Amino acid sequence: MLEYKKNILIYLTAIILLVLLGVAALFIGSSDINSKDVISYIFNSSGVSVSTGIIIFEIRLPRIVLAFIVGAGLAVAGSVFQAIIRNPMVDPYIIGISAGAGTGVMLALFLGIEIAIFNLNTIPVFAFLGAALTVLTVYQLARVGRKLPVLTFLLAGVAMSFILNSLMSFLMVLRTENLQQLVYWLMGSLAGSSWNDINMILPYFLAALLVIVFYLKDLNILLLGEESAAHLGLNVERTKVILLGAASLITASVVSVSGSIGFIGLVVPHITRMIIGPDHRKLIPLAAVIGGSFLLIADTAARTLMAPMELPVGIITALAGGPYFIYLLRNKSKNIW
Amino acid sequence: MLKTDNIEFRYNKKNILKGIDLQINKGSFIGIIGPNASGKSTLLKNISRTLIADKGTVYLDKKILNEYSSLELAKKMAVVPQNTEISFNFNVYDIIMMGRHPYQKRWSGLNEEDKKIVKEVMVVTDTLKLKNKLINELSGGERQRVIIARALAQKPDILLLDEPTSNLDINYQGEIYDLLKYLNQEFKLTIITVSHDLNLTAQYCEELLLLKEGEIFAAGSAAKVLTEENIKKVYKAEVLIKMNPISEKPFVTVIPEANNKFKKERYKDFKIHVIAGGGTAQNFLYKLDNAGYPISIGVLNVGDADWQVAKELGIEIVEAPPFIDISKQAIEKNRKLIQKSDLVILSDLPFGHGNLANLEILLDFPKKKKVLFSNHSIKKRDYIEGKAELIWNKIIMEDENVILLKDKNNLINKVKELENVEMEM
């Protein structure tokens, strides 16, 4: 019971922090709006100028919400990948899934196929196809017999990343008209987010999230190793395919609006595991909250540090996450789960 | 309840299992043994459906194994894999609770029955006190007990274990097998364990299955399966089988040097023949062997304490059945060994009808160097009305090559001395 109370406390703290961060982020931005206006807008949208209202509601708020969704999505996807591969050094960015999703999006844009069917935008579908294909390729490349050695998996992922990134650069060179925007997108950026973006990805995001939530217990069992999991009655191959698919779909949906933002999927699951332990039923929700908060902070920094210029937020997350990855590599002997 | 029908398994085009027929009844406790690459782990994995046989069928309760769903099978059969290391930090309670997975609905929380069963298996496996510990904090034996508890939480009819003690210290090995035996007897749990430890399986398992190159070589009780002959054929090793006096189960000892191809180079060029019996030589046989002398011994009764030591050391023995006079052939064989030796040692053995020939033979070798133990007077060792004393005295009086040794502990020094004299000549 003591542990139960402790966990509730952890969750409460995380959620309160998230709300505070979200509100605080409303006050910060490149255009100079004074705090009084923001407060009066929050409590009573009349009494502030239309342009201020637009900045707060159409620019800042969707960006805050999207930052949260993207951060949460990457953290959840990272946790799932780490559990399936049973390796704490896996993340959608490192193993090339983000690049795969990005390539899918670029191809769709390049070929001009951006069709909406039943109000569902197809960009995330292309991102998903790219991501799923990449995951499959990396998995098959890395497989040695019945085993999936970590090293070959990381190497295959990095190699795929290189190939896909150069493919993306090539497509970019061919399509020069909005180069800067694409470069930003490639580095990972939330600049120019709108409610439309959120509407576009939300159905895919929620569908994938639902699947993962449905399989939380199975993730724990998978951690015991595939053989043991099978002996405990888990249909391992099917579970793996479903979960890899769901995690790829989450990655794809967020990548299609934010580009490849690295290292959140690596760092956040780790930090969360340190706080609450390896049980995915507790881990995944908290990872989502922490991942969302983390990207919210990073993105707020990205849009204010060099205002009015915007930094791609991917630069900031990579600056924070890269050293952590090196630290993990160096500490391999210790128990890092 | 479990039956395999002529199963074959290939890996990399190599036949690992070449047609295994098995019939395992409910409540059995079976140990699968065999040398490396004999297919014992592969057989277990075919039974546990980790591997699927290329040919043949496995039946569990008269139903084909492959027709079970994962969940159904997990309720009937639990497996303790060879490598139980878990690289992340769940606590013991959570790990054991995972054994309830086949019974839990996706959304239902822990129900009372789950909690009750987990508590029961923790009591049985003595893991209750570890409940809140993290799995990585445990010792090897504790972790193994937790994994067994998790398997038991599945409420299986059959428990399969792959080398359950291979990474454990000897105290934990017994502990794990004690637990298995208890589960087998108390709960009629069917247990099949793969092990390379012949003695542990012999002590605990009701039946053994000895595999050789993917085929069943022998099956049945430990006494029937673990014979010197079987082990020589399967493992290509010379062993000595003794009976464990407590459990009356066979106990296998490797005979040192018997299988040693490098033996000759190590040995000195000074051969010693020992005449002993009744355990009078067991101490110094080890010492002489350690010092590197080639030793022969005879004539010894089969089963005699000195005979056992000599067997273990892999010494050449002239042996005779106990309780009867030594035969002519044995005496001749002994004579040949004495002829070949550079030194004869006669221990302080007692003489009776049966072994007087061992003393008499010395009269035929007046020119051989002899060390005679004289720490006990011959009178006390003579059980045939002075006959032995007579011969003894004759040797001492007439033979110039006799050295009497009062202190047994001086033997090695004396032998070394004699060896050096020999070398100088």
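Residues numbered from 1 in each chain as written. Chains lettered and ligands numbered in written order. Predicted model: local features only at pLDDT ≥ 70, side-chain atom pairs only at ≥ 80, totals over all residues.

**Describing the overall build of chain A**
Part 1: Looking only at helices and strands, chain A features 14 helices and two strands.
Part 2: Its C-alpha radius of gyration of 20 Å places chain A within 12% of the 20 Å reference for a compact globule of 337 residues.
Part 3: The principal-axis extents of the C-alpha atoms in chain A amount to approximately 65 × 60 × 45 Å.
Part 4: Here chain A, with 337 residues, has 48% of them falling under the buried criterion. (Helix = DSSP H or I, 4+ residues; strand = E, 2+ residues; numbered from the N terminus. Rg over C-alpha atoms; globule rule 2.2 N^0.38 Å. Buried ≥ 20, exposed ≤ 12 C-beta atoms within 10 Å, placed from the backbone.)

**Quick notes on the overall build of chain B**
Part 1: A count of helical and extended segments in chain B gives 17 helices and 18 strands.
Part 2: Taken against the 2.2 N^0.38 rule, which gives 22 Å for 425 residues, the C-alpha radius of gyration of chain B at 29 Å runs more than 25% over that of a compact globule.
Part 3: Principal-axis analysis of the C-alpha atoms gives chain B an extent of 100 × 45 × 45 Å.
Part 4: With 425 residues in all, chain B has 40% of them scored as buried.

**Quick word on helix α1 (residues 40-47) of chain B**
Residue and element names in this part refer to chain B.
Part 1: Most of α1 is tucked away: eight of the eight residues are buried.
Part 2: Listing the buried residues of α1 in full gives K40, S41, T42, L43, L44, K45, N46 and I47.
Part 3: Two residues or fewer after α1 comes R49, characterised by a positive phi angle close to 70°.

**Focus on unusual backbone geometry**
Residue and element names in this part refer to chain B.
Part 1: For the bond from G298 to V299, the omega torsion is -10°, close enough to zero to count as cis.
Part 2: In this fold, V299 is placed in strand β14 (residues 295-301).
Part 3: Phi is positive for E213, which is not a glycine, with a value near 45°.
Part 4: Summarising the element assignment, E213 is placed in the loop between β9 (207-212) and β10 (215-220).

**Remarks on the pairing of β10(B)**
As a general feature of sheets, a regular strand has side chains that alternate between the two faces.
All names here are of chain B.
Part 1: Of the pairings in the sheet, the one linking β9 to β10 comprises five bridges and is antiparallel in character. What sits directly across from L211, in β10, is I216.
Part 2: In this structure, the hairpin formed by β9 and β10 is closed by a connection of two residues, where E213 is found at a positive phi of approximately 45°. (Pairing = 2+ DSSP bridges.)

**Focus on the packing of helix α11 (residues 282-290) of chain B against helix α12 (residues 305-313) of chain B**
Residues and elements named next belong to chain B.
Part 1: Look at α11 against α12: their axes get within 9 Å of each other, and the N-to-C directions meet at 20°. Relative to α12, the element α11 is oriented roughly parallel. α11 and α12 meet at a crossing whose hand is right-handed. Contacts between α11 and α12 involve Q282, L285 and D289 on the former and, on the latter, A305, D306, V309, A310 and L313.
Part 2: Classifying every residue of the contact of α11 with α12 gives five nonpolar, one polar and two charged. (Axes fitted to C-alpha atoms, helices over the stretch in contact; angles between N-to-C directions. Parallel < 35°, antiparallel > 145°, perpendicular 65-115°, else oblique. Left-handed = near helix turned anticlockwise from the far one by under 90°. Contact = placed C-beta atoms within 7 Å. Nonpolar A, V, L, I, M, F, W, Y, C, P; charged D, E, K, R; others polar.)

**Brief notes about the interface of chain B and chain A**
Part 1: Across the contact, 21 residues belong to chain B and 18 residues belong to chain A.
Part 2: A per-element tally of the side of chain B that touches chain A places helix α2 (residues 70-76) of chain B first, with four residues.

**Observations concerning the sheet that holds β14(B)**
Residue and element names in this part refer to chain B.
Part 1: Read across the open sheet, the six strands follow the order β15-β14-β13-β16-β17-β18; overall the sheet is parallel. Pairing within the sheet leaves two strands with one partner each, and these edge strands are β15 (316-320) and β18 (402-405). Strand-to-strand, the axes of this sheet are offset by a mean angle of 20°, without reference to chain direction.
Part 2: Direction of pairing for strand β13 (residues 272-275) relative to strand β16 (residues 343-346): parallel, over a ladder of four bridges. Within β16, the position partnered with I272 by the bridge is L343.

**Thoughts on the nonpolar core**
Part 1: Core analysis: the biggest nonpolar cluster contains 171 residues, and V76(A), V80(A), I250(A) and I96(B) have the highest contact counts within it.
Part 2: Looking at which element gives the most residues to this core, the answer is helix α3 (residues 50-85) of chain A, with 18 residues.
Part 3: When neighbours within four sequence positions are excluded, I96(B) is seen to be in contact with V118(B), V121(B), M122(B), V146(B), A149(B), R150(B) and A153(B).
Part 4: Listed in part, the 41 residues of the second largest apolar core include A281(B), L285(B), L300(B) and I345(B). (Core = buried A, V, L, I, M, F, W, Y, C linked by C-beta atoms within 7 Å.)

**Focus: the pairing of β13(B)**
All names here are of chain B.
Part 1: Along β13, one buried face is formed by I272 and V274 and the opposite face, lined by H273 and I275, is buried too.
Part 2: The pairing of β13 with β14 spans three bridges and is classified as parallel. Residue pairing in the sheet places V274 in a bridge with I297 of β14.
Part 3: In this region the chain leaves β13, passes through α11 and returns to the parallel neighbour β14; the handedness of that crossover is right-handed. (Right-handed = clockwise from strand over helix to strand, strands pointing away.)

**A short note on the confidence of the model for chain B**
Part 1: In this model, chain B carries an average pLDDT of 88, and 97% of its residues clear a pLDDT of 70 or more.
Part 2: Across the assembled chains, the prediction reports ipTM 0.81 with pTM 0.76. (pLDDT = per-residue confidence, 0-100.)

**Re the sheet that holds strand β3 (residues 29-33) of chain B**
Residues and elements named next belong to chain B.
Part 1: Read across the sheet, six strands follow the order β6-β7-β8-β3-β9-β10 without closing on themselves; strand pairing throughout is mixed. Two strands bound the open sheet, and with one partner strand each, they are β6 (77-80) and β10. Here the average twist between neighbouring strands, direction ignored, is 15°.
Part 2: Contacts from α1 reach β3, β7 (158-162), β8 (190-194) and β9, with the element oriented near 145° to β8.

**Some thoughts on the packing of helix α5 (residues 140-153) of chain B against helix α6 (residues 170-187) of chain B**
All names here are of chain B.
Part 1: In the contact formed by α5 and α6, the axes pass within 10 Å of each other and the chain directions differ by 15°. With respect to each other, α5 and α6 are oriented roughly parallel. The handedness of the crossing between α5 and α6 comes out as right-handed. Residue-level inspection shows G140, G141, Q144, R145 and I148 of α5 in contact with α6, the latter providing Y172, E175, I176 and L179.
Part 2: Broken down by class, the residue content of the contact of α5 with α6 amounts to four nonpolar, three polar and two charged.

**Structural notes on the domain arrangement of chain B**
Part 1: Under the domain assignment, chain B is made up of domain 1 (2-247) and domain 2 (263-424).
Part 2: Just the C-alpha atoms count here: the centres of domain 1 of chain B and domain 2 of chain B sit 50 Å apart. (Domains from an automatic or database assignment.)

**A few points about α3(A)**
All names here are of chain A.
Part 1: The end-to-end C-alpha distance of α3 is 51 Å, a good match for the 52 Å that 36 residues give at a rise of 1.5 Å each.
Part 2: Its maximal kink placed at R60, α3 deviates by approximately 30°, while the proline P62 follows within four residues.
Part 3: Backbone geometry just after α3 places R86 at a positive phi near 55°. (Expected span 1.5 Å × (residues − 1). Bend = angle between axes of the 7 residues up to and from the residue.)

**Looking at the environment of F27(A)**
All names here are of chain A.
Part 1: Structurally, F27 can be placed in helix α1 (residues 2-27).
Part 2: C-alpha of F27 to C-alpha of E310: the two residues are 283 residues apart in sequence and 17 Å apart in space.
Part 3: The residues touching F27, leaving out its near neighbours within four places in the chain, are S35 and V38.

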